[in-house]
Amino acid sequence: MSEPCAIEARALSKHFGSLVAVDKLDLDVPRGRIYGFLGPNGCGKSTTIRMLCGLLTPTSGRATVLGIEVPGDAAALKARIGYMTQKFSLFGDMTNYENLQFIAEIYSYPRADRERRINELLERYDLADRRKQLAGTMSGGQKQRLALACAVLHKPDLLLLDEPTSAVDPQSRRDFWAKLFELAEAGTTILVSTHYMDEAERCHRLAILDRGVKVADGTPQELKENTGMHVVEVLADDPFAAQKLVDTVPGVVSVTQLGIRLRVLIPDSIEDPVERVAARLKQGNLAASATLSAAGLEDVFVAVTLKPERVAA
Amino acid sequence: MKNSLSRLGAIVRKEVRQLRRDRLTFGMVVGLPIIQMLLFGYAINTDVRNLKTAFADEADTHLSREFIANLKQSQVADVRYRSSSPAELEELLRQGRISIGVHIPRDFDRRIVDRERAAVHLLVDGSDPTILSVANQLRSMPVGFDSTPPAADSVGAVEVRPYYNPERRTPVNIVPGLMGIILTMTMMLFTAVAIVRERERGNLELLINTPVSSAELMIGKVIPYILIGMLQLALILGVGDLLFNVPVRGSIVDLYLAASLFIAANLALGLLISTLASTQFQAMQMTVFILLPSILLSGFMFPFDGMPRFAQLLGELLPTTHFIRLTRGIMLREAGIVELYPAVIALAAFAAVALTLAASRFSKRLD
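Worth saying up front: this structure is predicted, and the values here are computed from it rather than measured.

(A) Representation of the sheet that holds strand β6 (residues 81–84) of chain A. Residue and element names in this part refer to chain A. Pairing in this open sheet of 6 strands is mixed, and the strands run β6-β7-β8-β3-β9-β10 from one edge to the other. The sheet is open, and its two borders are formed by β6 and β10 (213–218), each paired with just one other strand. Shown here is a sheet whose adjacent strand axes are inclined to one another by a mean of 15 degrees, direction ignored. Examined bridge by bridge, strand β3 (residues 34–38) and strand β8 (residues 189–194) share 5 bridges and lie parallel to one another. Across the sheet, L38 pairs through a bridge with T194, a residue of β8. Contacting β6 and β7 (158–162), helix α5 (residues 140–152) runs over the sheet at an angle of about 160 degrees to β6. Packed onto the sheet, helix α6 (residues 170–185) meets β3, β7 and β8 and runs at close to 150 degrees relative to β8.

In structure tokens form, the structure reads like this:
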């Protein structure tokens, strides 16, 4: 427990042939925290997680997980890691109890304490009355609770979650996160990959990955404060026409439509962002208003994953 | 080590539990051998009997009448019509009313004596090769035919004596071979599908992140199927004995030893398939790809010696071929497993190679 970080990676890279899946990734994941990996599909989240749990050998660079060099003693590491897959991966034709029992057996959880631990988990994850139900017949949220119960059964120090809430309704997702905070509070380090902004928002710290490169790293608050962008929000009756118009304003690097609102990103080196946008809207005779807004995580994400040529322009 | 064993146990228990719940697979384990036995045992009959026959006896002598009587007794021919001329026989043949026409020329007695020309003409419906081959057996009927020496006291001096299956009952021949086919099908398919299914459902992604090693996983998944294989073997032997009276003349221990080797070879093959296939459908296709030649080229359907050289070479590459040699040897000819060592060595080598290949592919990491 003396190491300062649960995960430490330096210049970690993974190439698949000519494809660079992860490019010189530096990572410091503090203990007892929920650390988020935010990024679109194919950005290297899963590849990174697989390297960290020893399933993939890095092409170059090095990483230490829970003080153990990877890839190294994979067996010792696996015993201290809990892993939850994106897709439900427990046995649908076995009951909840049997699934937990199987996991307890393969992790060699002390026999004397097994029964107590399984009951405790069934209780904690609201599955006590579904003990004898086949896992495959449960709803998405219930399956996910079972998966989490199985992932933490052997009391791992590090929990790796690969897009855990992709098949779950918002209420279940909220409940799920409440459980994650409980675990973090109890000292478990959690690394969670996601492409949902609201999930990313809940993490203590966040790394944004784009095409294998880490483009931002910090607490959600820090990230929002340091976008390097003004965010102008435009409310328009005809947002589609407004978007086309605003897109041509000099300095605008991105326009994203959210219903009748437009989120407009303009580099903070430009002094009069709102005026510029408002002037153009007026020119185009559109009924619309422009106001300065605080950056949300979505804006951060758009800002850091912008194509470079657009920023330069 | 202790942990490793308990992990292995966990996987075996899980596998058995899932198998018990999978009614269809469980039904196949028991149903497949029984249905195949009934199908092959009752429906397929390679010894043709009671071929519809007509004869035209132009000689009508004591000897010729005796020949006809002999023919009737053979049960191969079902003598239905008596014709007056070869032309009439040809017509019956053409109409499909008979499969064999027997023409005995007027100078039958003399022909038997001087052996310069065939004494009897068989007009055979050659469009069915099985009938043709059966009719060929009739050539060896005792009547101074071709090169057959005409015993002086004539009819009945030379007789056909088939060994090992004197009654020429198909099941006796089929059951030992069928054991090979059924085990090939179930062992290979079940193992391959069991593993590919876990991959498809994502279970494997979970398992590789646990302390379970790939060896534990492989062995743990295979053990229940070894037991199933043994169960099927007992079932086949039981049904074979009960319904078809197929004997086990040799040692049952030898038979089970041979089966263990064969099951090992097939499970290894199933594992290998599972590392190659990414969906259950692909796994099934690959199984059929191996199963079909196992049925056709192993000597199960057609006599191995009668196959072209190239087909024989292919057949030698199939574990089923060697297993069928063992089962026929042990069950019918009362041979010991040691006497049949070439087949034993071939099976062992096959199992070792397939298992090594499967293990090296299976333990591969994700990259």
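(B) Representation of the domain arrangement of chain B within the structure. Domain assignment breaks chain B into domain 1 (2–44 + 169–362) and domain 2 (51–139). Averaged C-alpha coordinates put domain 1 of chain B and domain 2 of chain B at centres separated by 47 Å.

(C) Molecular detail of the interface of chain B and chain A. Chain B puts 21 residues into the contact, and the matching count from chain A is 23 residues. The dominant element in the side of chain B that touches chain A, judged by the number of residues it contributes, is helix α1 (residues 2–21) of chain B, at 8 residues. Its residues placed into classes, the side of chain B that touches chain A shows 6 nonpolar, 7 polar and 8 charged.

(D) Structural context of α1 of chain B. Here α1 of chain B contains 20 residues, and its C-alpha end-to-end distance of 29 Å stays within 8% of the 28 Å for a straight helix at 1.5 Å per residue. Here the buried face of α1 of chain B lies against α3 (96–106) of chain A together with α9 (214–244) of chain B.

(E) A look at unusual backbone geometry. All names here are of chain A. Positive phi outside glycine occurs at L66, with the angle close to 50 degrees. Note on placement: L66 falls in the loop between β4 (60–65) and β5 (68–70). With 20 C-beta atoms packed within 10 Å, L66 lands in the buried category. At E163, a position not held by glycine, the phi torsion is positive, near 40 degrees. Checked against the element boundaries, E163 lands in the loop between β7 and α6.

(F) Looking closely at the domain arrangement of chain A. All names here are of chain A. Partitioning chain A into structural domains gives domain 1 (5–223) and domain 2 (227–312). A C-alpha centroid distance of 36 Å is found between domain 1 and domain 2. Between domain 1 and domain 2, the contact holds 10 residues from the first and 6 residues from the second. Within the residue set of the side of domain 1 that touches domain 2, elements represented by two or more residues are α7 (197–202), β9 (205–210), β10 and α8 (220–225). Looking at the side of domain 1 that touches domain 2 residue by residue, the class counts come to 8 nonpolar, no polar and 2 charged.

(G) Helix α13 (residues 319–332) of chain B, seen in detail. Residues and elements named next belong to chain B. Look at α13: 20 Å from first C-alpha to last across 14 residues, which is about the 20 Å you get at 1.5 Å a residue. Counting buried residues in α13 gives 14 out of 14 residues, a clear majority hidden from the surface. A positive backbone phi angle near 65 degrees is found at E334, which sits one or two residues after α13.

Calculation notes
- Residues numbered from 1 in each chain as written.
- Chains lettered and ligands numbered in written order.
- Predicted model: local features only at pLDDT ≥ 70, side-chain atom pairs only at ≥ 80, totals over all residues.
- Pairing = 2+ DSSP bridges.
- Helix = DSSP H or I, 4+ residues; strand = E, 2+ residues; numbered from the N terminus.
- Axes fitted to C-alpha atoms, helices over the stretch in contact; angles between N-to-C directions.
- Contact = placed C-beta atoms within 7 Å.
- Domains from an automatic or database assignment.
- Nonpolar A, V, L, I, M, F, W, Y, C, P; charged D, E, K, R; others polar.
- Expected span 1.5 Å × (residues − 1).
- Buried ≥ 20, exposed ≤ 12 C-beta atoms within 10 Å, placed from the backbone.

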